Each structure stands twice: as C-alpha cells, then as structure tokens.
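Here is what each chain is made of, one letter per residue.
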Amino acid sequence: MFRAVRDNLYSTLFPAVCLCCGASITTPSLGNACADCWNQTNIFDECLPLCNKCGRPEPSASRLKCWQCDGHEYDRARSLGIYSFALKAAVVGLKTQPHLSPKLRQLLAEAFDKNGFADSTLIVAVPLSRQRKLERGFNQAEVIAQALGRTAGISVDAHSLVRTKHSPIHRAGMDEKARDLSVKNSFDVARPKLIDGQSVLLIDDVLTTGATASYCAKALKRCGASAVNVLTLARAV
Ligand SMILES: [Zn+2]
Ligand SMILES: [Zn+2]
C-alpha cells in the first residue's frame, strides 16, 4: 500500500521518460533514468583502482596516486561512479528538482559506508553564490547533504561555508586552469567556531578537476577542521 502510494508520488514528481535515452521509466524508484541506462552506468566498486586521494579512475593498479590532485587541500575524494548515463541524468535532473530517488539514496549510503566516512562529525554542502541560489531556488549539493545526513545520523551545516564570489557556470570547453581560476578564493567560513575541530564530509553533485573541493577544504581547514573528505554523486573523467 505504502509502496504504491510512494510510486504514484514519484511518477508525478519525476518525468516518466529516461533523461538519457528517452525510453519509458517503468520503475519510478530509479529516478530519471531507465533500468538499461543504470546498467550501463559505471558505479565504482572494489575492482576498479582509483587514485587514493582524488578518486580518479586509474588504468594501472600499481600507481596509488595520480598527479592531477597534487596540492589539493582535501584529504580524500570519492564518488558513486562516473559522470555518464544514469548518474549524469541524476546530476542534470537535480538542477531543477530538489529530490533524490531511492536508488540514489541507496548508492549514496553504500558509498558512505564502503569509503570509511563514518567517522565524519559534520556534513557540509559546497555552497552556491547567493545569486545562483536565488536563480535556482535551492542548492542541489545541500539536497544531497541533507539526504545523507538523515541516513548517516550526522548533522548538516548548510550555512557556515559560503561562496563569496559569483562565478560563471562552468562550460564543457573550459580547461582545468580556467575552472581553477573561476573558483579561486571564492569560499569563506561565516561561523568558524562551528567548523573548529570537526571532521568534515564535504558534499557536491559532481567532481571535475577537484579545484572547487580543494578551495572549500582550504577555507574549512583554515578555521580548524581536523579533516575534510569529499563525496560527490559523480566523477567527471
Ligand atoms: Zn535510458
Ligand atoms: Zn588524484
């Protein structure tokens, strides 16, 4: 009974058509991608070697760390899987609908457990600028953070970390240096006492170069965060 009511509610809230391939979605709990597209989505498991620090998929298991994350200020970044198929649909859908499907919530809880983030004491979402949040009406990273906070029983701080500069939306053609410059020194901590001594799990929708996460971690550590790990829905590669 409850499941039928819930599924009807999801059918109303979510488009019945897969954002990846246009097929009908017959299982509403999968969100805005169909079962076939979920099957093609690369969800990280223990078999795929990742960079110890930034979580970039590595072709060789013999190298434990890639060079692209040298100097990044966070401790460890992990994602549910690669930014393609159903995870891409989830990230795109989350920009207009502030809701996580049951499938995403389940994958998020699994990623939290298997990556050893249980010793986090505070969950913080990567903030939007005030202007962007007004345009969108909500912060998609905060939606993910609140969902994980409820599952993991960890407090979510949605106000201490702030974005002080309004940067343009990252375009697909922007190279790594341009992306880095667009977020450099964009973050500050409004209430440092709430961050001091906390082991922070920083949440975002997608990790691309890692520059945003690194500058957020820098601001949080400047205020005494003992650790800053990162968890995102998807990893662009
Ligand atoms: Zn599909
Ligand atoms: Zn790396």
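Everything below is about the structure shown above.
Worth saying up front: this structure is predicted, and the values here are computed from it rather than measured. (Residues numbered from 1 in each chain as written. Chains lettered and ligands numbered in written order. Predicted model: local features only at pLDDT ≥ 70, side-chain atom pairs only at ≥ 80, totals over all residues.)

Some remarks on the nonpolar core
By size, the foremost hydrophobic cluster in this structure holds 62 residues, and its most contacted members are A33, C37, A86, L202, I203, C216 and L220. It is helix α8 (residues 211-222) that contributes the most residues to this core, 7 residues altogether. When residues of this core are assigned to domains, at least three fall in each of domain 1 (1-40) and domain 2 (41-235). With sequence-adjacent residues up to four places away left out, C37 is seen in contact with C18, C20, C21, F85, A86 and A89. (Core = buried A, V, L, I, M, F, W, Y, C linked by C-beta atoms within 7 Å. Buried ≥ 20, exposed ≤ 12 C-beta atoms within 10 Å, placed from the backbone. Helix = DSSP H or I, 4+ residues; strand = E, 2+ residues; numbered from the N terminus. Domains from an automatic or database assignment. Contact = placed C-beta atoms within 7 Å.)

Things to note about the pairing of strand β6 (residues 199-207)
Most of β6 sits inside the fold, with 8 of its 9 residues counted as buried. Two elements, strand β2 (residues 122-125) and β6, share 4 bridges in a ladder whose sense is parallel. Within β6, the position partnered with V124 by the bridge is L202. Here β6 pairs with strand β7 (residues 227-235) via 8 bridges, running parallel. Paired with D204 across the two strands is T232, which belongs to β7. (Pairing = 2+ DSSP bridges.)

A few points about the packing of helix α4 (residues 102-114) against helix α6 (residues 140-152)
For any two helices packed against each other, one specifies the inter-axial angle together with the distance between the axes. The contact between α4 and α6 brings their axes to 10 Å, and the two run at 65°. Every pair of crossing elements has a handedness; the one defined by α4 and α6 is right-handed. Along its contact with α4, which presents R105, L108, A109 and F112, the element α6 presents I144, A147, L148, T151 and A152. The residue inventory of the contact of α4 with α6, partitioned by class, reads 7 nonpolar, 1 polar and 1 charged. (Axes fitted to C-alpha atoms, helices over the stretch in contact; angles between N-to-C directions. Left-handed = near helix turned anticlockwise from the far one by under 90°. Nonpolar A, V, L, I, M, F, W, Y, C, P; charged D, E, K, R; others polar.)

Quick look at unusual backbone geometry
Negative phi characterises most residues that are not glycine, and trans characterises most peptide bonds. Notably, F85 is not glycine yet its phi reads approximately 45°, a positive angle. With respect to the helices, strands and loops of the structure, F85 is situated in helix α3 (residues 85-94).

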